[in-house]
Amino acid sequence: MAECVSTTVHVPFMPLGARSYDIHIGPDALDRLGAYLASDHAPKGLVGLVTDAHVAPLYADAVLDRVRAAGKACVVHTLPAGEESKRLDRVGEICGAFLEAGMDRAGLVVALGGGVTGDIAGFAASVFMRGVPFVQIPTTIVAQVDSSVGGKTGVNHPLGKNTIGAFHQPDGVFIDLAMLSTLPDRELRAGMAEVIKHGVIADADLFAYLEENAARILAKDLDALRVPVVRSCEIKAAVVAADEREQGLRANLNYGHTFGHAIETASGYARFLHGEAVALGMCAAGELGRLLGLVDAAFAERQRACCAAFGLPVRWPEMPLEETLAAMKHDKKARAGTLKFIVPAGMGMVVHRTDIPPELARAALETLL
Ligand code: NAD
Ligand code: GLY
């Protein structure tokens, strides 16, 4: 796979008819945001900038400079950092701040931050005045390779993660890789699990690139990071364009997540970051593929080695097996009785299986012990 220099600009396209948009990836991403804001395509009203307490001091001023240069007024709403903010009452607070500042139907929401900020700001945009446009400026790997693209927005409920939400596509995504320079190393590693996932489900070359460039990526070499971010956006855009509402193909993006969600639940959402649980989930899914005869032991080992190279967990010796299986069963009830596993069938290829006997799921999980 060809590498590219850090000054290169890439613009993957999300083809969704009248709701199509560009994903601008390059060092001039914020200037491109400025050009969009000054253009006829942008809403004419107040800008509502939603960010979090870690990101605001780092990048809010740079965004506000572009907003002001485009001649727009702006209200800034800063959330406490972290998953805890992704809840319904915070949506009310965001909408309240917009209303107090005088935002109306001509407003534009700008989400600046990680997946938490993008998900909640996008959801606020979907309901404020019955829906106003929004744009994403993602600042974590998770957000740059996954959550900012595709239009899934929402918040958590105490009874379930991401259970309240809406499909609301952004008007544009503006990605400056340099913003990753301040991201904590553990967040970077966890985000790379979603990139490894893209390789396994859709792109053997991307997977090979990750194997060869793990050290450079972990050192936050922007040239090395560009390939996985650009390719992930291309893969996600293609999947979402084919199946926006997750009737089939989009479920491929949930690879590693059936086991991963159960692992997050069984560990009380405290021990693992989401991407770390997904890495464990992919290892279990790889073993499931082996048990089903869809891939061989070398495949499962190769995937495990790649996750390990990115400092991701590949075993959980203290895993409470029964609790993890119970969490998966609960997930099954929540999804109308069918537990769907996305299983590898070769590098870059997955299949959907809803017929996995419980003893096989147990055996796959046991390989993590
Ligand atoms: P996050 O938004 O909580 O960010 C992680 C941490 O990094 C936070 O403390 C944040 O303040 C900090 N941070 C963000 N950017 C930074 C930067 N550049 N420098 C320094 N610190 C920075 O978490 P996340 O991992 O980005 O996203 C996880 C969320 O995304 C979850 O809620 C998940 O459900 C959601 N998600 C949504 C989709 C989707 O399709 N909508 C896809 C994947 C994940
Ligand atoms: N992150 C999974 C999806 O967007 O469908």
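Structure: above.
What you are looking at is a predicted structure, and each value in this text was computed from that prediction instead of being measured.

Draft legend 1. Summary view of the packing of helix α10 (residues 274-291) against helix α11 (residues 297-309). Contact geometry of α10 with α11 gives a least axis separation of 8 Å together with a crossing angle of 170 degrees. Classed by the angle they form, the pair α10 and α11 counts as roughly antiparallel. Residues Ala279, Met282, Cys283, Gly286, Glu287 and Arg290 of α10 pack against Ala297, Phe299, Ala300, Gln303, Arg304 and Cys307 of α11. For the contact of α10 with α11, the residue count by class is seven nonpolar, two polar and three charged.

Draft legend 2. Here's a closer look at the site of ligand 2. Within the structure, ligand 2 sits among Asp146, Lys152, Lys236, Glu246, Arg250 and Leu253. Between ligand 2 and the protein, one listed contact pairs a nitrogen atom with a side-chain N or O atom of Asp146 at 3.1 Å. Protein burial of ligand 2: of its 200 Å² of free accessible surface, 86% is covered by the chains. Of the residues that constitute the shell around ligand 2, the class distribution is one nonpolar, no polar and five charged.

Draft legend 3. A look at the sheet that holds strand β6 (residues 134-138). Taken in spatial order, the seven strands line up as β1-β2-β9-β6-β5-β3-β4 in an open sheet, and their pairing is mixed. The outermost strands of the open sheet, each flanked by one partner alone, are β1 (13-14) and β4 (74-79). As paired strands, strand β3 (residues 47-52) and β4 are joined by six bridges and run parallel to one another. When the sheet's bridge partners are listed, Asp52 is paired in β4 with Leu79. Its contacts with the sheet place helix α1 (residues 29-38) against β2 (21-25), β5 (108-113), β6 and β9 (172-175), and it is angled at close to 150 degrees to β9. Across the sheet, helix α2 (residues 56-69) lies against β3, β4, β5 and β6, angled at about 165 degrees from β3, the strand it touches most.

Each value, and the rule that gives it
- Residues numbered from 1 in each chain as written.
- Chains lettered and ligands numbered in written order.
- Predicted model: local features only at pLDDT ≥ 70, side-chain atom pairs only at ≥ 80, totals over all residues.
- Heavy atoms only, no water.
- Axes fitted to C-alpha atoms, helices over the stretch in contact; angles between N-to-C directions.
- Helix = DSSP H or I, 4+ residues; strand = E, 2+ residues; numbered from the N terminus.
- Parallel < 35°, antiparallel > 145°, perpendicular 65-115°, else oblique.
- Contact = heavy atoms within 4.5 Å.
- Nonpolar A, V, L, I, M, F, W, Y, C, P; charged D, E, K, R; others polar.
- Near = heavy atom within 4 Å.
- Polar contact = N/O pair within 3.5 Å; in protein donor to acceptor, adjacent residues only side chain to side chain.
- Areas by Shrake-Rupley, 256 points an atom, 1.4 Å probe, with all protein chains shown as cover.
- Pairing = 2+ DSSP bridges.

Just geometry here; none of it tells us what the structure is for.
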